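Secondary and tertiary structure notes
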Amino acid sequence: MQEIADLIHGRIIGDPDFPVTGINEIHMVGPGDLTFVDHPKYYNKALTSNATTILINKEVSPPGGKALIISKKPFDDYVFLVKKFRPFEQAFTSISPSAKIGAGTVIQPGAFIGNHVEIGTNCLIHANVSIYDHSVIGSNVIIHSGSVIGTDAYYYQKRPEGYKKLESCGRVVIEDNVEIGALTTIDKGVSGDTIISRGTKFDNHVQVGHDTYIGKNCLIGAYCAIAGVTRIEDDVLLWAGCLINKDLVIGKGAVLLAGSGTERSLEGGKTYWGIPAIEARKKWKEIATIKQLIDDRQKK
């Protein structure tokens with residue numbers, strides 16, 4: 001921790017030899033991680049989280065087993081540390097020499113494979129796909145033309161002078177037997193991983209936000225937009241044009257019919273429709289009731 005404090009000119013409360021083994025924003029922290037907090041609303045959440053080192057702008061006593069680094073600008077110092085330990089690496093070839101590509105994988109002309117990317121066996125990467133640094137692709141994966149894997153998280157802090165970007169240092173992990181439709185974008189985690197699990201299939205034009213988990217054998221229709229830090233459990237079916245807000249859980253086996261949107265978590269094993277999405281049968285009854293009221297009024 002002393003090394004970290006020296007880099008950002010912070011002051012330590014705790015043991016200067018305290019180990020820091022990772023860096024994560026508050027949604028993804030685990031033991032050994034450093035996280036940051038700069039707003040009273042989130043002090044308690046950070047201090048009681050699984051993180052063991054907290055970069056904070058208030059002097060408090062650290063909970064047991066934790067240590068603090070006092071900083072005037074925790075957000076800025078966190079961004080500095082991300083850039084220090086996961087700096088941007090310029091590419092000089094369309095397929096980086098540091099990429100690991102398995103036997104039988106085909107990469108079509110015009111595709112870009114970034115630094116430290118891992119791709120398994122028997123994959124098909126179509127023309128003009130871009131796979132950003134540190135992404136991990138399993139075996140038997142198909143990625144169609146124009147898709148972008150590993151874009152930065154859409155994550156900014158509002159300042160009087162404008163927006164300050166929270167730099168991303170996470171990854172995208174795509175497991176075996178996944179198919180990604182054309183012109184899809186999957187953002188990497190801010191500091192953890194965005195995960196697309198085994199057997200899931202995407203249609204075209206899908207957007208997946210940072211640190212989102214999509215379970216096994218899901219079907220994601222065209223034009224779906226899934227915000228960050230959301231959990232889509234196994235066997236979920238999202239028909240075309242569904243909108244999923246951030247920090248939600250869509251339960252196992254749930255079905256959202258086309259054009260649905262939700263700002264709350266949904267139980268698994270049910271079919272939903274509408275904005276806001278409710279169980280489809282209830283929605284149809286609502287529509288039938290409204291139609292009947294209109295018909296009755298017209299008859300009068």
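Reference entry: report on the structure contained in this document. (Residues numbered from 1 in each chain as written. Predicted model: local features only at pLDDT ≥ 70, side-chain atom pairs only at ≥ 80, totals over all residues. Heavy atoms only, no water.)

**Let's talk about the overall build of the chain**
- Helices and strands together make up the secondary structure of the chain, namely four helices and 33 strands.
- Based on the C-alpha atoms only, the size of the chain along its principal axes is roughly 80 × 55 × 35 Å.
- A buried classification covers 45% of the 300 residues belonging to the chain.
- A separation of at least 24 residues holds for 22% of the contacts in the chain among residues at least 6 apart in sequence.
- About 15,200 Å² of surface is accessible on the chain, with carbon and sulfur atoms providing 54% of the total. (Helix = DSSP H or I, 4+ residues; strand = E, 2+ residues; numbered from the N terminus. Buried < 20%, exposed > 50% of the residue type's maximum accessible area, 1.4 Å probe, protein only. Contact = heavy atoms within 4.5 Å. Areas by Shrake-Rupley, 256 points an atom, 1.4 Å probe, with all protein chains shown as cover.)

**Details of the side chain of His-134**
- Residue position: His-134 is located in the loop between strand 11 (130-131) and strand 12 (136-137).
- Apart from the residues lying within four places of it in its own chain, the contact partners of His-134 are Arg-86, Glu-89, Asn-115, His-116, Val-117 and Arg-171.

**Quick look at the layout of surface pockets**
- Roughly 750 Å³ of internal volume is contained in the largest pocket.
- Lining of the largest pocket is provided by 25 residues; of these, Glu-25, His-27, Tyr-155, Tyr-156 and Lys-246 occupy positions nearest its centre.
- Considered class by class, the residues forming the lining of the largest pocket number 12 nonpolar, seven polar and six charged.
- When its volume is computed, the second largest pocket comes out at roughly 370 Å³.
- Lining the second largest pocket are 17 residues, and of these Phe-88, Glu-89, Asp-133, Asp-152 and Lys-188 sit closest to its centre.
- For the lining of the second largest pocket, the residue count by class is seven nonpolar, three polar and seven charged. (1 Å grid on protein atoms, 1.4 Å probe; cavity = no way out; pocket = protein on both sides within 12 Å on 5 of 7 lines; lining within 4 Å. Points joined across faces, edges and corners; volume = space filled by probe spheres on them. Nonpolar A, V, L, I, M, F, W, Y, C, P; charged D, E, K, R; others polar.)

**Here's the deal with helix 3 (residues 74-85)**
- The terminal C-alpha atoms of helix 3, which comprises 12 residues, lie 16 Å apart, in line with the 16 Å expected from a rise of 1.5 Å per residue.
- Among the residues of helix 3, those classed as buried are Pro-74, Phe-75, Asp-76, Asp-77, Tyr-78, Val-79, Leu-81 and Val-82.
- Next to the buried residues of helix 3 lie helix 1 (2-8), strand 2 (22-23), strand 3 (33-37), strand 4 (53-56), strand 15 (156-159) and strand 16 (162-165). (Expected span 1.5 Å × (residues − 1).)

**Regarding the pattern of salt bridges**
- Following the criterion strictly, the structure yields 14 salt bridges and no others.
- In this structure, Glu-167 and Lys-83 form a salt bridge, with 3.9 Å as the shortest nitrogen-oxygen distance. Residue Glu-167 is found in the loop between strand 16 and strand 17 (171-174), and its partner Lys-83 is found in helix 3; the two are separated by 84 residues along the sequence.
- The exposure class assigned to Lys-83 is partly exposed, which follows from its relative accessible area of 48%.
- Beyond isolated ion pairs, a larger network of salt bridges with shared partners links Glu-267, Lys-270, Glu-279 and Lys-282. (Salt bridge = Lys/Arg side-chain N within 4 Å of Asp/Glu carboxyl O.)

**Points about the nonpolar core**
- Grouped together as the largest cluster of nonpolar side chains are 39 residues, with contacts concentrated most on Ile-131, Ile-137, Ile-143, Ile-174, Ile-186, Phe-202 and Leu-238.
- In this structure, Ile-143 is in contact with Leu-124, Ile-125, His-126, Val-129, Ile-131, Ile-137, Ile-149 and Ile-180, ignoring residues within four places of it in sequence.
- Counting 20 residues, the second-largest nonpolar core is a separate cluster that includes Met-1, Ile-8, Leu-34 and Leu-166. (Core = buried A, V, L, I, M, F, W, Y, C linked by side-chain atoms within 4.5 Å.)

**Some details on the sheet that holds strand 28 (residues 243-244)**
- The eight strands are arranged 8-11-14-19-22-25-28-31 in an open sheet whose pairing can be described as parallel. The sheet is open, and its two borders are formed by strand 8 (112-113) and strand 31 (261-262), each paired with just one other strand.
- Summarising the sheet, strand 25 (residues 225-226) and strand 28 pair through two bridges and their orientation is parallel. Paired with Ala-225 across the bridge in strand 28 is Leu-243. (Pairing = 2+ DSSP bridges.)

**What about the pairing of strand 17?**
- Direction of pairing for strand 12 relative to strand 17: parallel, over a ladder of two bridges. Along strand 17, the bridge assignment pairs Val-136 with Val-173.
- As paired elements, strand 17 and strand 20 (residues 193-196) share four bridges and run parallel to each other. Paired with Val-172 across the strands is Thr-194, a residue of strand 20.

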